[in-house]
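# Close look at the chain arrangement
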Amino acid sequence: MQGGLHTKHRTMAVPGASLVPILLLGLGIRLAAAHSPAGVECILFNEEYMTCTWGSGQTLTANYSLYYWYENRSPVAECKQYLWERGVRTGCRFEQSEIIQFQPFHVRVNASQDGRILEIPSNRMELQNLVKPEAPVNLTIRNMSSNQLQLTWSSPYPKAHCLEHVVKYKSNKDTSWMKQEVKGDIFSFPSVDYEKFYTFYVRSKINNYCGSTQLWSEWSVPVFWGSNTTSKGRSSPEPPGSPRHPHTVLTVSPWLFAGMAEEQLQWFWIHTVLIPIASCLLLLVLVVLLVRMERVWVIIMPRIPNPNKNFDDLFITHNGDFQEWVGVPKDVVESFKPNYSESICHVSELPYEPLQDSIHPPGVPGPQEHGPYKNSYVGA
């Protein structure tokens, strides 16, 4: 009896024991499905490089490998540059030389874990439909008339004719953003209020002529126009995804405010670098001119010298003897002295005596008629 009972119990326990592996297998499949990546997502950024990602470092438990090929064109190749996060491969980066548009693109992502092959599903892709252009740049606002504005911009994307744009704008008195689709790179704002302060954004995507995609670029850097004197500090909420930026309050008349970040940077360099350098150079020039003017003044108006001290030796030491003061040798001085003597000659004047009257022929002088004097004496 006991043997039969044991046999019966053993035969009844077999079905219950066989259910355990089945339940564990089902639970493992569900856990694997819960942690397995949903798929491979590829984005071609501005036709410069492409990334294909299949998860994050928090959800992936194995290092997957990516293999790719173009349909009817090239052999299968493995990714050359993997993207890593927390020590786990999360994607692959393709350089521009590895990208071929308008050719069906295939990828296979798999990994080996605990003797099992893990594979992430992927579909056939057309790379021209996966292009995400860069955000527009150089936003500029111009006054076309009294109440009309013109917004222009440029795009870093190399094929500008393949883009379509959306302009997003609002004033400081609006509660929601207005959006307008634009085919080219010019947006005309027909009517503006000079008492309002406007903010404009632009973003782009590939149009239907060059691809079929819904990948929009990021919003551009904002550009502003108008006066904010009546806003009283109010600001309406921005939609999700809009770039954060400080609200600028302007109290001047309506004017053009394009490229405010670049303008502020220019003013920063002017105030902190150019003005101090120019001030130092101007001060240096003034100092040089002052020194040179001092020299010129001395040349034009020289100082009158005082000769008193220069002749002290002449009158005090040499008693006014110029030759001795200048240092003339004595033999030279003696050579200029005369070595002969001359007798003195005395000259005197005799008194005048009138001539005696006598008869004599005219024109013939008388015997005493020698001159105005009677006698003269010269003695030596």
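Going by the structure above, here's the rest.
Attention in this report is confined to the structure presented alongside it. (Residues numbered from 1 in each chain as written. Predicted model: local features only at pLDDT ≥ 70, side-chain atom pairs only at ≥ 80, totals over all residues. Heavy atoms only, no water.)

Okay, the overall build of the protein chain next. For the protein chain, the count of helices and strands is five helices and 20 strands. Burial status across the protein chain gives 28% buried among its 380 residues. Sequence separation of at least 24 residues holds for 62% of the intrachain contacts in the protein chain that already meet a minimum separation of 6. As displayed, the protein chain has an accessible area near 27,600 Å², and 59% of this comes from carbon and sulfur atoms. (Helix = DSSP H or I, 4+ residues; strand = E, 2+ residues; numbered from the N terminus. Buried < 20%, exposed > 50% of the residue type's maximum accessible area, 1.4 Å probe, protein only. Contact = heavy atoms within 4.5 Å. Areas by Shrake-Rupley, 256 points an atom, 1.4 Å probe, with all protein chains shown as cover.)

With respect to the secondary-structure elements, Thr-213 resides in the loop between strand E16 (197–206) and strand E17 (223–226). You can call Thr-213 buried: its relative accessible area is 6%. Among the polar contacts made by the side chain of Thr-213, one reaches the main-chain carbonyl oxygen of Asn-129 at a distance of 3.2 Å. In this structure the side chain of Thr-213 is engaged in a polar contact, spanning 3.0 Å, whose partner is the backbone nitrogen of Leu-215. If near-sequence neighbours (up to four positions away) are discounted, Thr-213 is found in contact with Asn-129, Val-131, Lys-205 and Ile-206. (Polar contact = N/O pair within 3.5 Å; in protein donor to acceptor, adjacent residues only side chain to side chain.)

Here we have three strands laid out as an open sheet, ordered E11-E12-E15, and antiparallel in their pairing. Each having just a single partner strand, strand E11 (137–143) and strand E15 (186–189) make up the two edges of the open sheet. Mean inter-strand twist for the sheet, computed between neighbouring axes without regard to direction, equals 20 degrees. Sheet topology note: the strand E12 (residues 149–154)/E15 ladder contains four bridges and is antiparallel. Within the sheet, the bridge partner assigned to Leu-151 lies in E15 and is Phe-187. (Pairing = 2+ DSSP bridges. Axes fitted to C-alpha atoms, helices over the stretch in contact; angles between N-to-C directions.)

Turning next to unusual backbone geometry. Not every positive phi belongs to a glycine, and Arg-86 is a case in point at roughly 60 degrees. With respect to the helices and strands, the residue Arg-86 is situated in the loop between strand E5 (82–85) and strand E6 (88–95). When its relative accessible area of 64% is taken as the criterion, Arg-86 is described as exposed. The backbone of Phe-102 sits at a positive phi, close to 60 degrees, despite the residue not being glycine. Here Phe-102 is to be found in the loop between E6 and strand E7 (104–113).

Spatially, E5-E6-E2-E1-E10 is the arrangement adopted by the five strands of the open sheet, whose pairing is mixed. In this open sheet, the two edge strands, each paired with only one partner strand, are E5 and strand E10 (131–132). When strand E1 (residues 41–45) meets strand E2 (residues 49–53), the two strands line up antiparallel, connected through five bridges. Among the inter-strand pairings, Phe-45 is bridged to a residue of E2, identified as Tyr-49.

A surface patch of nonpolar side chains, amounting to about 470 Å² of accessible area, comprises Phe-322, Val-326, Val-328, Val-332 and Phe-336. Val-326 gets classed as partly exposed once you look at its relative accessible area, which sits at 41%. (Patch = residues over 30% accessible without salt bridge, like charges linked within 9 Å, V, L, I, M, F, W, Y side chains within 5 Å. Salt bridge = Lys/Arg side-chain N within 4 Å of Asp/Glu carboxyl O.)

Looking now at the nonpolar core. Judged by nonpolar contacts, the single largest core of 33 residues is most densely connected at Met-50, Trp-54, Tyr-64, Leu-66, Phe-94 and Phe-105. Sorting elements by how many residues they give to this core places E7 first, with four residues. (Core = buried A, V, L, I, M, F, W, Y, C linked by side-chain atoms within 4.5 Å.)

A separate point is the state of the cysteines. A complete count under the given rule lists three disulfides for this structure. One disulfide in the model links Cys-42 with Cys-52; its S-S distance is 2.0 Å. The S-S bond linking Cys-42 to Cys-52 shows a torsion near 115 degrees; that makes this disulfide right-handed. Taken together, the positions of Cys-42 in strand E1 and Cys-52 in strand E2 put the pair 10 residues apart, joining distant regions of the chain. With respect to burial, Cys-42 and Cys-52 carry one shared label: buried. What pairs with Cys-162 in a disulfide is Cys-210, and their sulfur atoms sit 2.0 Å apart. The sign of the S-S torsion, about -65 degrees, decides the handedness of the disulfide formed by Cys-162 and Cys-210: left-handed. (Disulfide = S-S within 2.5 Å.)

This part takes up the pairing of E6. Counting buried positions over the eight residues of E6 gives six, a clear majority of the element. Relative to E6, E2 runs antiparallel, the two being bridged by five bridges. Note that in E6 the partner of Thr-53 across the bridge is Gly-91. Bridging between E5 and E6 involves four bridges; their strand directions are antiparallel.

So, on to the packing of aromatic side chains. Within the structure shown, the criterion is met by 17 aromatic pairs. Between Phe-45 and Tyr-49, the aromatic rings sit 5.2 Å apart at their centres with planes inclined by 20 degrees, giving stacked as the arrangement. Take Phe-45: its relative accessible area is 23%, and that puts it in the partly exposed class. Look at Trp-177 and Tyr-201: their rings are 5.5 Å apart centre to centre, the planes differ by 65 degrees, and that puts the pair in the edge-to-face class. Pair noted here: Trp-177 is in the loop between strand E13 (163–171) and strand E14 (178–182) and Tyr-201 is in strand E16, with a separation of 24 residues, a long-range link. The pair formed by Trp-177 and Tyr-201 is uniform in burial state, with each residue classed as buried. Members of the aromatic cluster, connected to one another through ring pairs, are Tyr-169, Phe-187, Phe-189, Tyr-194, Tyr-198, Phe-200 and Trp-225. Note that Lys-168 overlies the ring of Trp-177, its terminal NZ or CZ placed 4.9 Å from the centroid. (Phe/Tyr/Trp six-rings, centres within 6.5 Å; stacked < 30°, edge-to-face > 60°. Lys NZ or Arg CZ within 6 Å of the ring centre and 35° of its normal.)

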